[in-house]
Amino acid sequence: MTPRKKLEGLVAATVTPMTPDGQINLSVIHQYVDYLVREQNVKNVFELSVLVVSKTSVCGPDLRSCVVLCYVETVNGTTGEGLSLSIWERKQLAEEWMSQGKDKLDHVIIHVGALSLMESQELARHAAAIGASGIAVIAPSFFKPTNKDELLGFLQKVASEAPEIPFYYYHIPTLTGVKIRVEELLDGIREHIPTFQGVKFSDTDLLDLAQCINKNEREQFVFLYGVDEQLLSALAIGADGAVGSTYNYLGRKTNLMLQAFAKPDLALARKYQFLTGEFLSFVIKLGFGVAQTKAVMTFVSGIPMGPPRLPLVSASEEFITKAKAKLESIPWPDGDFIPMSVWK
Ligand SMILES: CC(=O)N[C@H](C=O)[C@@H](O)[C@H](O)[C@H](O)CO
Ligand SMILES: CC(=O)C(=O)O
């Protein structure tokens, strides 16, 4: 990785490319990296860039380091079907993202959460050994932690296996069923997890997020929001950036929203949010999840992302036709449509 910059801006939650018969397909990851960097164009767009607004208080004298937005990936997360992959597959994917992203991506965060603590620890050691810029962990979700101390106990045992790299808690209560408030979890967390760096916050409870930001200013934690359709609201209360599935193909447009927000031109920022929301609310009505994200990313990028793994099943042809027509019809304020399949 290039020298570490503070993690902020947009993070694409990567899908895991698969072959038609359902094996992980490492061979297209180099194209995927290039597509994200070149076509979603984050580095270029963001030389001038954003989110200074939320971070001026922690930028210190070196404001410049805060105005460069980086492009980063989370590998093996929700969108990457991480929990549906074997440990061996997760390691292969992490290694391929690291080697293809070297010199091109600023951060690669590896999600290492698992139901088995030992597997999670093994993945954490592996991520550290291959030079990941950080690890993220979701709450275990079959046997669930029922209170802060149980959750913290699990996270601490994973984080301590990678003591040299930043640790992020990945809060996604709708999928894990673990609803422990992040505000509560963060209270005193550095005493248990010295590498604790921030939260990927994938929930609509903006009161919880706001209190996290409000109470942790001194700690300089990073808060990345994960409900793409309402990112602007999270930015307004001080989120540093976002991690999400849609930044795979709406990265460029969402960056324009971030720029508008930073300017600030809230009317313009809202236009972008309303339009990404229009697309998402359209596809959500049709049924939208990781399988559909893989299909959208395939028709937008031209890179075959393949089917999802059971229990998920491929998006229908009807979904693909309708989603493509919708995406093509959106009147973005910058006048450009989303280029489809420009990348081969
Ligand atoms: C549940 C889920 O997968 N959430 C993703 C990240 O956390 C989001 O990026 C969503 O895919 C996105 O907001 C669309 O609803
Ligand atoms: C959304 C997200 O953070 C993930 O797929 O990992």
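The chain appears in an unreviewed UniProt entry as N-acetylneuraminate lyase from Callipepla squamata. Here is the UniProt Sequence similarities (unreviewed entry) comment for the chain, exactly as written: "Belongs to the DapA family. NanA subfamily." Recorded in UniProt under Pathway (unreviewed entry), the annotation for the chain is "Amino-sugar metabolism; N-acetylneuraminate degradation."

Caption draft 1: Looking closely at the overall build of the chain. A count of helices and strands for the chain gives 15 helices and eight strands. Taken over 344 residues, the chain has a buried fraction of 58%. Partitioning the intrachain contacts of the chain with sequence separation of at least 6 by distance along the chain shows that 76% fall at a separation of at least 24.

Caption draft 2: Structural view of helix H10 (residues 206-215). Within H10, the full set of buried residues consists of Asp208, Leu209, Ala210, Cys212 and Ile213. The residue sitting at the N-terminus of H10 and contributing the capping side-chain oxygen is Asp205; that oxygen lies 3.2 Å from the backbone nitrogen of Leu207.

Caption draft 3: Molecular detail of the nonpolar core. Phe279 and Leu327 are the most contacted members of the largest nonpolar core, which totals 92 residues. Not counting the four nearest positions on each side in its chain, Phe279 is found in contact with Tyr249, Leu250, Val296, Ala323, Lys326, Leu327 and Ile330. Counting residues in hydrophobic clusters, the runner-up holds nine residues, among them Ala13, Ala136, Val222 and Leu224.

Caption draft 4: Local environment of the UniProt feature "active site" (unreviewed entry) in the chain. Here, UniProt's "active site" (unreviewed entry) annotation points to Tyr170 and Lys200. Spatial clustering of the annotated residues is evident: they stretch over 31 residues in sequence, but the largest pairwise C-alpha distance comes to 4.7 Å. From the set just named, the residues that line the largest pocket comprise Tyr170 and Lys200. Excluding its chain neighbours within four sequence positions, the residues that come into contact with Tyr170 are Thr78, His111, Val137, Ile138, Ala139, Lys200 and Ser202. Its place among the elements puts Lys200 in strand S6 (residues 196-201). Of the residues examined, Lys200 reaches a relative accessible area of 9% and is grouped as buried. Residues within four places of Lys200 in sequence aside, it is in contact with Tyr169, Tyr170, His171, Leu224, Gly226 and Val243.

Caption draft 5: The layout of surface pockets, seen in detail. Each pocket or cavity is described by its volume, and for the largest pocket that value is around 1,100 Å³. When residues of the lining of the largest pocket are assigned to their parent elements, the largest contribution, four residues, is made by helix H14 (residues 290-301). Here the residues of the lining of the largest pocket are counted per class, giving 24 nonpolar, 19 polar and five charged.

Criteria and thresholds
- Residues numbered from 1 in each chain as written.
- Chains lettered and ligands numbered in written order.
- Predicted model: local features only at pLDDT ≥ 70, side-chain atom pairs only at ≥ 80, totals over all residues.
- Heavy atoms only, no water.
- UniProt positions renumbered as here; feature names shortened; annotations may be inferred.
- Helix = DSSP H or I, 4+ residues; strand = E, 2+ residues; numbered from the N terminus.
- Buried < 20%, exposed > 50% of the residue type's maximum accessible area, 1.4 Å probe, protein only.
- Contact = heavy atoms within 4.5 Å.
- Polar contact = N/O pair within 3.5 Å; in protein donor to acceptor, adjacent residues only side chain to side chain.
- Core = buried A, V, L, I, M, F, W, Y, C linked by side-chain atoms within 4.5 Å.
- 1 Å grid on protein atoms, 1.4 Å probe; cavity = no way out; pocket = protein on both sides within 12 Å on 5 of 7 lines; lining within 4 Å.
- Points joined across faces, edges and corners; volume = space filled by probe spheres on them.
- Nonpolar A, V, L, I, M, F, W, Y, C, P; charged D, E, K, R; others polar.

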